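Examination of the molecular architecture
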Amino acid sequence: MIRTAGRPANRLVVVSNRVTPPATDSTGSQGGLAVALAAALRQSRGIWFGWSGNQTSEFTGQLNIHRSQGVTTATIDLEERDVDEYYNGYANRTLWPLFHYRIDLTEYDRQFDAGYARVNRRFADTLLHIIEPDDIIWIHDYHLIPLARELRARGIQNRIGFFLHTPWPPVRLLTTMPSHKQLVKSLFDYDLVGFQTAEWMDTFTDYCVREGDGQIGVDGMVSAFGRTVRAGAFPIGIDADAFQKAARSPEARAMAKRMRTSIAGRAMIVGVDRLDYSKGLEERFIGYERFLADNPDELNRVFLLQIAPPSRNTIGSYQEIREKLEQLSGRINGAAAEVDWVPLRYVNRGYSRRELAGIYRSARVGLVTPLRDGMNLVAKEYVAAQDPADPGVLILSRFAGAALQMPEALLVNPYSTEEIADSIRQGLAMDKSQRIRRWETLAEGVAREDVTAWRRDFVAALESTPRS
Ligand code: ADP
Ligand code: F6P
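These notes cover the structure that comes with them. On a predicted model such as this, the values are computed, not experimentally measured, just so you know. Sequence positions are assigned chain by chain, starting from 1 and proceeding in written order. By the order in which they are written, chains take letters starting at A while ligands take numbers starting at 1. Local features in a predicted model are, by the rule used here, given only for residues with pLDDT of at least 70; side-chain atom pairs are given and counted only at 80 or more, and totals for whole chains, interfaces and linings are based on all residues. Neither water nor hydrogens contribute to the side-chain values; these are computed over all heavy atoms in the structure.

1. Looking at the sheet that holds strand β4 (residues 71–79)
Strand pairing requires that DSSP identify at least two bridges connecting the strands. Counting from the N terminus, the helices are DSSP H or I runs at least four residues long and the strands are E runs at least two residues long. Ordered by their spatial adjacency, ten strands build an open sheet running β3-β4-β2-β1-β5-β6-β7-β10-β9-β8, and the pairing between neighbours is mixed. Here the strands that pair on one side only, and so sit at the sheet edges, are β3 (64–68) and β8 (215–216). As paired strands, strand β5 (residues 136–140) and strand β6 (residues 160–163) are joined by four bridges and run parallel to one another. In the strand pairing of β6, isoleucine 137 is matched with isoleucine 160. Residues are treated as being in contact if the distance between any of their heavy atoms lies within 4.5 Å. Angles shown run from 0 to 180 degrees and are taken between the N-to-C directions of axes, each axis being a line fitted to C-alpha atoms and, for helices, limited to the stretch in contact. Seen against the sheet, helix α7 (residues 198–211) touches β7 (192–195), β8, β9 (221–224) and β10 (227–233) and runs at an angle of roughly 160° to β10.

What follows is the structure in structure tokens.
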């Protein structure tokens, strides 16, 4: 049994597929979940359990324990078949595209179902050795939806909460999945189910009413399939204090200086995303191309820096989007580049949090245009990193969960390349007083609705959820 010395009465056991040990200077694209959980756990002295990211020839359930900055991580290795069927299969070839409204990319395969169920059982079997009676268990994301059911079947009676980092799809899309009812029913083994926004929660309750003969009660209580669970919206935030500090760190300053030299008096637009088809990168590139075509006076005066580290790169749809973007960036640069200017800098690598903060701070415009996104933390990081005396402009997709909290950004329809082009022009032309006015409201929201508030609100709601 793992104990964290001097722990408070209710220890937080966080479970997610990916576990990234906490470090403010780590390099790479960790994804929003890992970045947020590292921040939340740094503040709460919990334990974080999940997949190590490594493969083994035979599953043993052997725990790898690490302690760093007040956070204990416990990870397990998975078999190659598990990774194929559970992570690359059901999680990222079935649920991820389906939950991001891409049924054209969604694959249904019974082998994936079996792998997903097997890994969730393996997680449950291993977790049994970690969980203590007073622990609060908080399970994250679409990889682990049935985990509470598996834990309950093994006699675990602790409070268990679930938080979905992605959107929840509309009923008509979700019902294309052969095992949709079984999956949704398993959410009713949690005490509390959390969504990023009220919109995703509404689509969930809509499903329960229509497909589970459900009813919505007071205080988020949802009854369906003969069971009851509490649902709520808990918008995730960033560690705004830490990110602002990161933006003033020597590493960030060094990066900002390096960027200033290379920007050479031009205006930089920045995009930072995992290389994922949900991020709208193709439409963004075409929107930027259109902006250049519509505004020839801006040639050689502006450039787009798109940072997009490869993600899930053994999956065909990810290989295809990568190829498309390589072709598009070649087309844009081939058509417009000069001997001393390249319109699009397309970079496929990760940066440390501090370097990233320095890059955001150097950009006149932050271009965040996912086609569909649970929240989007890059939008919040861009705001947190700005210089209050001369902040940049955030252009944000209206289909990102973050748009609900950030109406002072320039909100765009990411499918419209014309809107993207127009908003870039508007962002570059915005005068300083308006930039400051918009940024102050955005920054105040990012600071108030931060990762601490997210964790505190979710855990408080979980602790206060009535139990049947
Ligand atoms: P998602 O969870 O879908 O990846 P988010 O925007 O919510 O999307 O979170 C992405 C996180 O990954 C952010 O914290 C961002 O800073 C980080 N990230 C993305 N690209 C990079 C990169 N090239 N280097 C370092 N961190 C990155
Ligand atoms: O935030 C959504 C999410 O899918 C997380 O669950 C995940 O950790 C992150 O994006 C990055 O994806 P992956 O873990 O597959 O690299």
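2. Examining the pattern of salt bridges
What makes a salt bridge here is a side-chain nitrogen of Lys or Arg within 4 Å of a carboxyl oxygen of Asp or Glu, nothing more. Evaluation of the coordinates by the stated rule reveals 35 salt bridges. Glutamate 251 is the partner of arginine 354 in a salt bridge, and the nearest nitrogen-oxygen pair spans 3.2 Å. Highlighted residues: arginine 354 in helix α12 (residues 353–362) and glutamate 251 in helix α9 (residues 250–263), separated in sequence by 103 residues. Residue arginine 354 is classed as partly exposed on the basis of its relative accessible area, which comes to 21%. Exposure categories follow from relative accessible area, calculated using a 1.4 Å probe and restricted to protein chains: below 20% of the type maximum is buried, above 50% is exposed, and the middle band is partly exposed.

3. Overview of the site of ligand 2
Taken together, ten residues lie near ligand 2, and Arg18, Tyr87, Asp141, Tyr142 and Arg312 sit nearest. Within the side chain of aspartate 141, an N or O atom sits 2.4 Å from an oxygen atom of ligand 2. Contact distances for ligand 2 include 2.8 Å between an oxygen atom and a side-chain N or O atom of arginine 312. With residues, only the protein chains shown are counted as cover, and all accessible areas are computed by Shrake-Rupley using a 1.4 Å probe. Expressed as a share of its isolated accessible area of 380 Å², the protein-covered part of ligand 2 is 92%. Grouping the amino acids of the shell around ligand 2 by side-chain chemistry returns four nonpolar, two polar and four charged. Here a residue counts as near a molecule or strand whenever at least one of its heavy atoms sits within 4 Å of it. Pairs of N or O atoms within 3.5 Å make up the polar contacts considered here, provided that, within protein, one atom can donate a hydrogen while the other can accept it, and that residues adjacent in sequence are counted only when both atoms are side-chain atoms. Polarity classes work like this: nonpolar for Ala, Val, Leu, Ile, Met, Phe, Trp, Tyr, Cys and Pro, charged for Asp, Glu, Lys and Arg, and polar for all others, with Gly in that last group.

4. So, the packing of aromatic side chains
For Phe, Tyr and Trp, rings pair up if their centres lie within 6.5 Å, where Trp contributes its six-membered ring, and each pair is then called stacked (planes under 30 degrees apart), edge-to-face (over 60) or tilted (otherwise). Applying the stated rule across the entire model yields 24 aromatic pairs. Ring centres of phenylalanine 99 and tryptophan 168 lie 5.3 Å apart, and the angle between their planes is 55°; this geometry places the pair in the tilted category. Of this pair, phenylalanine 99 sits in helix α2 (residues 80–99) while tryptophan 168 sits in the loop between β6 and α5 (171–174), and the two are 69 residues apart along the sequence. Residue class for phenylalanine 99 comes out buried when judged on its relative accessible area of 0%. Here the aromatic rings of tryptophan 138 and phenylalanine 458 are separated by 4.5 Å at their centres, their planes lie at 10°, and the arrangement is stacked. Placement of tryptophan 138 in strand β5 and of phenylalanine 458 in helix α16 (residues 451–464) is noted, with a sequence separation of 320 residues between them. Across this residue pair, the class does not change: tryptophan 138 and phenylalanine 458 are buried. Through successive ring pairs, a cluster of aromatic residues spans Phe99, Trp168, Phe188, Phe195, Phe204 and Phe225. Sitting over the face of the ring of phenylalanine 303, arginine 345 holds its NZ or CZ atom 3.9 Å from the ring centroid. By the criterion adopted, a ring carries a charge over it if an Arg CZ or a Lys NZ lies within 6 Å of its centre and within 35 degrees of its normal. Across the ring face of tyrosine 101, the terminal group of arginine 372 is positioned such that the distance to the ring centre comes to 4.0 Å.

5. Topic: unusual backbone geometry
Residue tyrosine 101 is not a glycine yet carries a positive backbone phi of 65°. Mapped onto the secondary structure, tyrosine 101 falls in the loop between α2 and α3 (110–127). One non-glycine residue, aspartate 219, adopts positive backbone phi at about 60°. Structurally, the position occupied by aspartate 219 is in the loop between β8 and β9.

6. Observations regarding the packing of helix α10 (residues 281–294) against helix α14 (residues 417–429)
For the pair α10 and α14, interaxial distance at closest approach is 8 Å and the crossing angle is 60°. The angle between α10 and α14 places the two elements in the oblique class. In this structure, the crossing between α10 and α14 has a hand that is right-handed. On the side of α10, the interface is formed by Glu283, Arg284, Ile286, Gly287, Tyr288, Arg290, Phe291 and Asp294, while α14 contributes Thr417, Glu418, Ile420, Ala421, Ile424, Arg425 and Leu428. In terms of residue class, the contact of α10 with α14 is made up of seven nonpolar, two polar and six charged. Reported orientations rely on four angle classes, namely roughly parallel under 35 degrees, roughly antiparallel over 145, roughly perpendicular from 65 to 115, and oblique for the rest. Should the near helix be turned counterclockwise from the far one by less than a right angle, the crossing is left-handed, whereas a clockwise turn marks it as right-handed.

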